[in-house]
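Listed below are the residues making up each chain.
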Amino acid sequence: MAIAVQKKIKESAGDRAFLITIHIVLILVAIAVIYPLIFILSSSISSPAAVTSGKVWLWPVDISFKGFKVLFNTSEIITGYANSIFYTAAGTIISVILTIMIAYPLSRKGFFGRNTLMMMITFTMIFSGGLIPTYMVVKQLHLIDTRWALLIPNAIWVWQVIIARSFFQSSIPEELLEASEIDGCSDLRFIWSVVIPLSKPIIAVLVLMYAVGQWNAYFDALIYLKSADLFPLQLVLRSIIIQNNSSGNMDAAAMVERQQLAELLKYALIVVATLPVLVIYPFVQRYFVQGMLVGSVKG
Amino acid sequence: MIPPLLFFLVFKYYPMLNAVLAFKDYNVIKGIWESPWVGFKNFELFFENPLFWTLVKNTIMLSGYLLLAGFPIPILLALMINEVRNTKFKKFFQLVSFAPYFISTVVMVSIIMLFLAPRLGFANIALNFFGFHSVNFLGEPGMFRSIYVWSDIWQTAGYSAVIYLAALAGIDPTLYEAAKIDGASRFQKIRHVDLPGIMPTIVIILILNVGNVMALGFEKVYLLQNPLNLANSEIIATYVYRVGLLNANYSFATAVGLFNSVINLVLLLTVNGLAKRITNNSIW
């Protein structure tokens, strides 16, 4: 409709200039966003010497996969990768189940005290006991230095509860529940055979958000874990790139080559840690947008 | 229903109780509840600490900068994307601008460090190429805030713009037609239709952002910190981590953390109240 009107009335010169400016700005922004990403990808598959001498500008120079080869021969990285996959899978399952378990009852109008409960849950979003008191709870439960410490203390995000709750409220009509109750359907049965099948979009959103969050998380691991064999990839990444503890078992002969390789390894590591998320992302982007919109409708 | 409630009680409300630590002199053997009360001693220690003003200043300056620079940009982006009629370009732009959001904090900081590395970093190679001297970006306390804020904008602006785009999509199309018939230019249309249309969203997001002023992304500050830039990069949250967990000074760190949380809550309530009175929008 609006488009039709615009086409009928001719664009003025000022408007056209305005539009062109907007397009140019957006293209520049897009370049600024994408350039660092391409640069890192190119660097990771260039030769060590080309990277450290600054020959790589946009496209890879002297393509070599040396960085990746060294990477996949380093035991701590393999362990980190395996751990991250485990935390992501297990954490996502736990989080999604718990979130639905609380969001669904809160979406039902007949649920006793739902507004008070919702208030109490939202309150935790803006006020918390703080780092140390939370750490003490985890310690009292003897979760320190166990895999559970990464799966449980942060399992539910209030924001996801809000999103899921408003989805249930708007897309599963109260009448459906009444109808099934008349047919003698129990609450559990109703959730399992009516709610879940109808909620695929929101479940997809929850899975994605929690999975990305879990894959990228490192802070809980930093404070709760001590044994290196439990470390997720992000923590390994931190120790290698940010703290510069390049692992000792690289077999490069000369010092220079060794340093160049260490530099290259950093690029390769970034690619390896980010690729899973970025590869899936274009396919799931619309679910993300959908999820954000569902959440923002009711604020 | 029970397990999630347990979760909130154990991991969210129980720590609030544990925050009484702030008023005690924690003793490992006696535990939290048996340790002796000391009143506000831990808070007084913090206020008298020579670092107190530096910490408060660094926290507020960093988040204030982030708010001033980072808040308007997603709005501008959304308004611009909204003008684009070519759906393919629009989709492509959103796909690209959204992507950095998925990069983890550790990777983000790694990228910053690789780009800004003293000798081999891309930024310095570029500077040298144009005949300038190398700069040790992360070693300059004065550059810390800008590095933090602009990398944050790079990472999240595209993501944040989506909410405003949704609000723009909800504006009544007849308003545009009316504006068109009145002979409004595109710029006037943005000023008189788009902006007022998304005002409620802008206010809500602003309130939420101000409510986060004291709750800065600790992870990223901590990772970007080094002994050279500490003068500007030590914020309350990193200080709590340092004295609390690393030096096991639990009571004192809890007091500092509690101070932070309370200020944050007060800020949120104040801004919310102001917004309610001035614009009639609020989060409750």
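Please read these numbers as outputs of a predicted model, since none were measured by experiment.

What follows concerns the overall build of chain B. Regarding its fold elements, chain B presents 15 helices and zero strands. If you line up chain B on its principal axes, its C-alpha atoms span 75 × 55 × 35 Å. Taking all 284 residues of chain B together, the buried fraction comes to 54%. Contacts in chain B between residues at least 24 apart in sequence constitute 64% of all its contacts with a sequence separation of at least 6. With an accessible surface of roughly 13200 Å², chain B has 68% of that area assigned to carbon and sulfur atoms.

Our next topic: the packing of helix 2 (residues 13-44) of chain A against helix 6 (residues 87-98) of chain B. Running from N to C, helix 2 of chain A and helix 6 of chain B cross one another at 35°; their axes reach a closest spacing of 9 Å. Crossing of helix 2 of chain A over helix 6 of chain B shows left-handed handedness. Two secondary-structure elements touch here, helix 2 of chain A through His23(A), Leu26(A), Ile27(A), Val29(A), Ala30(A), Val33(A) and Ile34(A) and helix 6 of chain B through Phe89(B), Phe93(B), Val96(B) and Ser97(B). Broken down by class, the residue content of the contact of helix 2 of chain A with helix 6 of chain B amounts to nine nonpolar, two polar and no charged.

Throughout the structure, instances matching the rule amount to 21 aromatic pairs over all chains. Ring geometry for Tyr104(A) and Phe168(A): centres 5.7 Å apart, planes at 85°, overall edge-to-face. Placement of Tyr104(A) in helix 5 (residues 75-107) and of Phe168(A) in helix 9 (residues 158-171) is noted, with a sequence separation of 64 residues between them. An identical accessibility class is assigned to Tyr104(A) and Phe168(A); each is buried. Three or more aromatic residues link up through ring pairs in this structure, and these residues are Tyr35(A), Phe39(A), Tyr267(A) and Phe115(B). Stacked on the ring of Phe86(A), the Lys or Arg Arg147(A) has its end atom at 5.2 Å from the ring centre. Seen from the ring of Tyr148(B), Lys220(B) lies directly overhead, with NZ or CZ sitting 4.5 Å from the centre.

Residue and element names in this part refer to chain B. In the structure shown here, the tally under the stated rule is four salt bridges over all chains. Lys-189 is paired through a salt bridge with Asp-194; the nearest N and O atoms lie 3.9 Å apart. Each of Glu-83, Lys-189 and Asp-194 takes part in one network of salt bridges that share partners.

All names here are of chain A. Looking at chain A as a whole, its pLDDT mean stands at 77, while 86% of the residues score no less than 70. Summarising per-element confidence for chain A, the mean pLDDT is lowest in helix 1 (residues 2-8) (48) and highest in helix 5 (87). Within the model, the stretch residues 1-8 combines pLDDT values under 50 with eight contacts to residues more than four positions away or in other chains. Here residues 247-253 scores under 50 on pLDDT; set against residues more than four positions off or in separate chains, the count is 11 contacts.

Ranked by internal contacts, the top residues of the largest apolar core, which has 178 residues, are Leu26(A) and Phe168(A). Setting aside residues no more than four positions away along its own chain, Phe168(A) makes contact with Ile100(A), Ala103(A), Tyr104(A), Ser107(A), Arg108(A), Val195(A), Ser199(A) and Ile202(A). In this structure, Val203(B), Leu268(B), Val271(B) and Ala275(B) belong to the second largest nonpolar core, which totals six residues.

Our next topic: the interface of chain B and chain A. If you look at the interface, chain B gives 78 residues, while chain A gives 86 residues. Of the roughly 8100 Å² buried between chain B and chain A, counting both surfaces, carbon and sulfur atoms make up 80%. On the surface where chain B and chain A come into contact, there are zero salt bridges. Put simply, chain B and chain A have three residue pairs in polar contact (both at pLDDT 80 or more) between them. Looking at the side of chain B that touches chain A element by element, the count peaks at 13 residues for helix 1 (residues 2-18) of chain B. Considered class by class, the residues forming the side of chain B that touches chain A number 61 nonpolar, nine polar and eight charged.

For the rest of this paragraph, the subject is the confidence of the model for chain B. Residues and elements named next belong to chain B. Confidence in the prediction of chain B, expressed as mean pLDDT, is 80, and 93% of residues score 70 or more. Averaged over each element, pLDDT in chain B is lowest for helix 2 (residues 31-34) (68) and highest for helix 5 (residues 72-83) (88). Per the prediction output, this complex has pTM 0.80; the corresponding ipTM is 0.76.

To describe two helices that pack against each other, one gives the angle between their axes and the distance between the axes. Residues and elements named next belong to chain B. Packing of helix 3 (residues 41-48) against helix 15 (residues 250-279) leaves a shortest axis separation of 9 Å and a crossing angle of 75°. In terms of orientation, helix 3 and helix 15 fall into the roughly perpendicular class. Note on element contacts: helix 15 touches helix 3 through Ser-251, Phe-252, Ala-255, Val-256, Leu-258 and Phe-259, opposite Asn-42, Phe-43, Leu-45, Phe-46 and Phe-47. Taken together, the residues of the contact of helix 3 with helix 15 sort by class into nine nonpolar, two polar and no charged.

This next bit is on a nonpolar patch on the surface. Among the surface-exposed residues, Trp57(A), Leu58(A), Trp59(A), Phe129(B), Phe130(B) and Phe132(B) lie close enough to one another that they form a single nonpolar patch of about 750 Å² accessible area. By secondary structure assignment, the location of Phe132(B) is in the loop between helix 8 (122-129) and helix 9 (141-169).

Turning next to the environment of Lys226(A). Residue and element names in this part refer to chain A. Tracing the backbone shows Lys-226 in the loop between helix 13 (219-224) and helix 14 (233-242). For the pair Lys-226 and Phe-112, spaced 114 residues apart in sequence, the C-alpha to C-alpha distance is 43 Å. Sequence-distant contacts of Lys-226, that is, excluding residues within four places in its chain, are made with Tyr-135, Ile-144, Asp-145 and Phe-231.

On to the side chain of Ser97(B), then. Positionally, Ser97(B) belongs in helix 6. Sequence-distant contacts of Ser97(B), defined by excluding residues within four places in its chain, comprise Val33(A), Gly158(B) and Tyr159(B).

About the thresholds
Residues numbered from 1 in each chain as written. Chains lettered and ligands numbered in written order. Predicted model: local features only at pLDDT ≥ 70, side-chain atom pairs only at ≥ 80, totals over all residues. Heavy atoms only, no water. Helix = DSSP H or I, 4+ residues; strand = E, 2+ residues; numbered from the N terminus. Buried < 20%, exposed > 50% of the residue type's maximum accessible area, 1.4 Å probe, protein only. Contact = heavy atoms within 4.5 Å. Areas by Shrake-Rupley, 256 points an atom, 1.4 Å probe, with all protein chains shown as cover. Axes fitted to C-alpha atoms, helices over the stretch in contact; angles between N-to-C directions. Left-handed = near helix turned anticlockwise from the far one by under 90°. Nonpolar A, V, L, I, M, F, W, Y, C, P; charged D, E, K, R; others polar. Phe/Tyr/Trp six-rings, centres within 6.5 Å; stacked < 30°, edge-to-face > 60°. Lys NZ or Arg CZ within 6 Å of the ring centre and 35° of its normal. Salt bridge = Lys/Arg side-chain N within 4 Å of Asp/Glu carboxyl O. pLDDT = per-residue confidence, 0-100. Core = buried A, V, L, I, M, F, W, Y, C linked by side-chain atoms within 4.5 Å. Buried area = accessible area lost by both parts, 1.4 Å probe. Polar contact = N/O pair within 3.5 Å; in protein donor to acceptor, adjacent residues only side chain to side chain. Parallel < 35°, antiparallel > 145°, perpendicular 65-115°, else oblique. Patch = residues over 30% accessible without salt bridge, like charges linked within 9 Å, V, L, I, M, F, W, Y side chains within 5 Å.

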